[in-house]
Amino acid sequence: MFSLINPFNTYQTLCDSHSLPSSFHPERASSSLSHSHFMASMPETKKFAIEIFEGEDLLADSLAKYVADLSNKFTSERGAFTVCLSGGSMIEYLRKLPEPPYVDSIEWSKWQVFWLDERVVPKTHVDSNYKLALDGLLSKVSIPPNNVYAINDTLSAEGAADDYETRLRELVSKGVITLSPTSGFPKFDLILLGMGPDGHIASLFPGHPLVHENKRWVTFIKDSPKPPPERITLTFPVINSCAYAALVVTGKDEADSVHSVLGKSENPVKLPVALVSPEGELKWFLDKDSASKL
Ligand SMILES: O=C(O)C(O)[C@@H](O)[C@H](O)[C@H](O)COP(=O)(O)O
């Protein structure tokens, strides 16, 4: 694991237990962020990177480039790009995507858009993650409406979760979504995750039994500690089958949870965020505040 200062004036830590990144230059390594501060509870065998940004604007630029690069990779490799969006601040973090230069470099018609989790409210409701994404991103780019998979907002939480899983299964059978040969669960190209101050991701909250769901692809919650209470969510086996995952976390309120996963600790607490361990690559996008306890 190495700490680098990159051209964006951010600290980057690249971790790969198997191989050195080809771009690694020992002479450029910085001790500003000691590697001993990391890896308390991260799995040793998976690839992950951590980047800490001076400000949210730099983070948004880097995130847009990361998403655009993956979009280009997957659309050229297999003619489609399957992306799962989160609610919360994620659409705000993605605000540079519908702007030049990123907007013009992306083949939007190849995007297939899903939700990592969704609140069970009408699609026009201010709490709807679909509405958030529509207003902030989807209405500004040219993704075919049929490629955008919102939940059925006329159903109960249970019904909406069943319905979403059925639709994912149909898309697997049509080859739009691939299955992980390792886990047998759907393998999205990119999952974009936020994290709450309590260490939840998606609608998988600390101490809640849904964290241990290992059969369903999509499940539901009716007692979410974060309002609104009724939500549907992808499960950990799906999240951890993805090819790429970005965990975007900003703000001082998140610093303790970030530390509990990435910091040095004798008894690391297994928050839901600590269970994010994709088959592919995980990249953390942090700001100085969320990383302040590392
Ligand atoms: O719909 C939601 O509530 C989420 O998808 C949720 O998991 C969110 O990503 C985190 O709570 C982080 O939210 P912030 O980005 O607003 O901190």
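Let me sum up the structure you'll find in this document. Quick caveat, the model's predicted, so the values are computed rather than measured.

### A look at the pattern of salt bridges
So, step 1. All chains considered together, the criterion is met by 22 salt bridges.
So, step 2. Between Lys123 and Asp153 there is a salt bridge, with its nearest N and O atoms 3.7 Å apart. Here Lys123, found in the loop between strand E6 (117-119) and helix H4 (129-136), pairs with Asp153, found in the loop between H4 and helix H5 (157-173); they are 30 residues apart in sequence, far enough to count as distant.
So, step 3. Taking the relative accessible area as the measure of exposure, Asp153 reaches 26% and is therefore partly exposed.
So, step 4. Lys187 is the salt-bridge partner of Glu279, the closest N and O atoms lying 2.7 Å from each other. Here the residue Glu279 occupies a position in the loop between helix H7 (255-262) and strand E13 (281-287), and Lys187 occupies one in strand E8 (residues 186-187), the gap between them amounting to 92 residues.
So, step 5. Each of Glu56, Asp57, Asp61, Glu92, Arg95 and Lys96 takes part in one network of salt bridges that share partners.

### Considering the side chain of Ser224
So, step 1. Its location among the elements puts Ser224 in the loop between strand E10 (218-221) and strand E11 (231-234).
So, step 2. Residue Ser224 is classed as buried on the basis of its relative accessible area of 8%.
So, step 3. Among the polar contacts made by the side chain of Ser224, one reaches the side chain of Arg231 at a distance of 3.1 Å.
So, step 4. Not counting chain neighbours up to four residues away, the residues in contact with Ser224 comprise Phe205, Pro229 and Arg231.

### Brief notes about unusual backbone geometry
So, step 1. Put simply, Pro100 and Pro101 share a cis peptide bond, and its omega is 0°.
So, step 2. Its place among the elements puts Pro101 in the loop between helix H2 (90-93) and helix H3 (102-105).
So, step 3. The omega angle of the peptide bond from Pro227 to Pro228 is -5°, so this bond is cis rather than trans.
So, step 4. Within the fold, Pro228 resides in the loop between E10 and E11.
So, step 5. Here the phi dihedral of Ala202 falls at roughly 50°; this positive angle occurs in a residue that is not glycine.
So, step 6. Relative to the helices and strands, Ala202 is located in the loop between strand E9 (190-194) and E10.

### Digging into H4
Working note: α-helix, 3.6 residues per turn, so residues spaced by three or four point in the same direction.
So, step 1. Burial in H4 covers these residues: Asn129, Tyr130 and Ala133. Seen end-on, H4 carries its buried residues on one side only, within an arc spanning 105°.
So, step 2. Looking at the buried side of H4, the elements it contacts are strand E4 (81-85), H2, strand E5 (111-115) and E6.
So, step 3. With a side-chain oxygen positioned 3.1 Å from the backbone nitrogen of Tyr130, the residue opening H4 is Ser128.

Reading guide: rules and limits
- Residues numbered from 1 in each chain as written.
- Predicted model: local features only at pLDDT ≥ 70, side-chain atom pairs only at ≥ 80, totals over all residues.
- Heavy atoms only, no water.
- Salt bridge = Lys/Arg side-chain N within 4 Å of Asp/Glu carboxyl O.
- Helix = DSSP H or I, 4+ residues; strand = E, 2+ residues; numbered from the N terminus.
- Buried < 20%, exposed > 50% of the residue type's maximum accessible area, 1.4 Å probe, protein only.
- Polar contact = N/O pair within 3.5 Å; in protein donor to acceptor, adjacent residues only side chain to side chain.
- Contact = heavy atoms within 4.5 Å.
- Arc of directions from axis to C-beta.

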